[in-house]
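Each chain, letter by letter, is given below.
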Amino acid sequence: MALILSELFAETGKKYELQLIAGKNGLNREVKWVYVAEDKSNAGFLRAGELIISTGALYDRTDSWLLHFVRLLNEHHTSGLILNIGKQLSAADITDKVIAYCDAHNYPLFVMPWHIHIYDITRDYYDRIFEDSRRNEDMDFYRLLQAIDNPSVPERFVTQKLKPVLDYDLKHNSNLADTLFLYLKHWGSIQHIASESYCHRNTVTKRIHILREQLGFCLDEPSERFELMAAFMVREYLQTQK
């Protein structure tokens, strides 16, 4: 499923104090990326599906500048525009002509108060876009598994890749498999692993040492990390089929 602007607005509008000014009939547009545009010379970098954020800092103050800007964004098939008002821009900059154009072309136009940090909203939206992309990739991966006629094939793959850690956990009543998964998920970040597993950093370090030295997992090898993560995904899929 794609990330749709209406869903993004419904989920984050209150948090970032977004107000929809015009173009409400275009909220079904897909959001593929977020781009901060402050200079008309960047028009060549615009891509379809981008949600644009602007403070208007580098634009001239002619009466028609915002109308020209919105028209440019719409012609490049961007998803919509968020204006960060309160310092460089004010509500007075959004003329009736701008609103009429956005409504006529179903181009969503939002305003956001200046005290909302652009970094916060862009980081949030990037995370949502990445998560949406990951879910789509997972769906494709699971469709591939469903196409395998022999169910023993994915089961053997899981056993081949994860048996050492699963056997260790069974014998020692531990959860090294969870630590291994988090290591792969967070690209080896001890801090993130410790935070998500509610463990001290030293505990995480000791567990990773066991995974490397005692169980023989080659965690520095990209192909090995890929296969291990694939094994966890296959294992999760198999568990849902029981």
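Cut-offs applied
Residues numbered from 1 in each chain as written. Predicted model: local features only at pLDDT ≥ 70, side-chain atom pairs only at ≥ 80, totals over all residues. Heavy atoms only, no water. Helix = DSSP H or I, 4+ residues; strand = E, 2+ residues; numbered from the N terminus. Buried < 20%, exposed > 50% of the residue type's maximum accessible area, 1.4 Å probe, protein only. Contact = heavy atoms within 4.5 Å. Core = buried A, V, L, I, M, F, W, Y, C linked by side-chain atoms within 4.5 Å. Salt bridge = Lys/Arg side-chain N within 4 Å of Asp/Glu carboxyl O. Pairing = 2+ DSSP bridges. Right-handed = clockwise from strand over helix to strand, strands pointing away. Axes fitted to C-alpha atoms, helices over the stretch in contact; angles between N-to-C directions. Parallel < 35°, antiparallel > 145°, perpendicular 65-115°, else oblique. Left-handed = near helix turned anticlockwise from the far one by under 90°. Nonpolar A, V, L, I, M, F, W, Y, C, P; charged D, E, K, R; others polar.

Trainee: I keep staring at the overall build of the chain and nothing clicks. Help me out?
Mentor: Secondary structure assignment for the chain yields nine helices and five strands. Ordered by position in the sequence, the α and β elements of the chain form the string α-β-β-β-α-β-α-β-α-α-α-α-α-α. The buried share among the 242 residues of the chain stands at 41%. When contacts within the chain are restricted to residue pairs at least 6 apart in sequence, those whose partners lie at least 24 apart make up 71%.

Trainee: How do you make sense of the nonpolar core when you look at a structure like this?
Mentor: Here is a general trend for soluble globular proteins: nonpolar side chains tend to be buried in one another's company. Ranked by internal contacts, the top residues of the largest apolar core, which has 25 residues, are Leu-162, Val-165, Leu-180, Leu-211, Leu-215, Phe-217 and Leu-219. Mapped onto this core, the elements with two or more residues apiece are α5 (152-172), α6 (176-185), α7 (190-197), α8 (201-214) and α9 (222-240). Listed in part, the 22 residues of the second largest apolar core include Tyr-35, Trp-65, Ile-85 and Leu-89.

Trainee: What's the story with the pattern of salt bridges in this structure? I'm lost.
Mentor: Opposite charge on two side chains permits them to pair, given that their charged atoms come into close proximity. According to the stated counting rule, one finds nine salt bridges in the structure shown. Here Asp-124 and Arg-128 are joined by a salt bridge, their closest N and O atoms 2.7 Å apart. One end of the pair, Asp-124, and the other, Arg-128, are both in helix α4 (residues 118-146), four residues apart, so they sit about a helical turn from each other. Relative accessible area serves as the criterion here: at 13%, Asp-124 is assigned to the buried category. By relative accessible area, which is 25% here, Arg-128 ends up partly exposed. For Lys-185, the salt bridge is made with Glu-196, and the minimal N-O distance between the two is 3.0 Å. With Lys-185 in helix α6 and Glu-196 in helix α7, this residue pair connects regions lying 11 residues apart in the sequence. For Lys-185, a relative accessible area of 38% translates into the label partly exposed. One salt-bridge network, in which partners are shared between bridges, spans Glu-11, Lys-15, Asp-124 and Arg-128.

Trainee: How do you make sense of the pairing of strand β4 (residues 80-85) when you look at a structure like this?
Mentor: Two faces belong to every sheet, and in a regular strand the side chains alternate between them. Within β4, six of the six residues are buried, which leaves the element mostly enclosed by the surrounding structure. Side chains Gly-80, Ile-82 and Asn-84 project from β4 onto one buried face, and the interleaved Leu-81, Leu-83 and Ile-85 project onto a second face that is buried too. Alignment of strand β3 (residues 50-54) against β4, held across four bridges, turns out to be parallel. Bridge assignment links Ile-52 to a residue of β4, and that residue is Leu-81. Following the backbone out of β4, through helix α3 (residues 96-104) and into the adjacent parallel strand β5 (residues 109-113), one traces a crossover that is right-handed.

Trainee: Would you mind showing me how to read the packing of α6 against α9 here?
Mentor: A pair of packed helices is characterised by two quantities: the angle between their axes and the separation of those axes. Orientation of α6 relative to α9, taken along the N-to-C sense of each, is 120°, at an axis distance of 10 Å. Classed by the angle they form, the pair α6 and α9 counts as oblique. Of the two elements, α6 crosses α9, and the hand of that crossing is left-handed. Where α6 approaches α9, its residues Ala-177, Leu-180, Phe-181, Leu-184 and Lys-185 are matched on the opposing element by Arg-225, Leu-228, Met-229 and Phe-232. Across the contact of α6 with α9, the residue classes break down as seven nonpolar, no polar and two charged.

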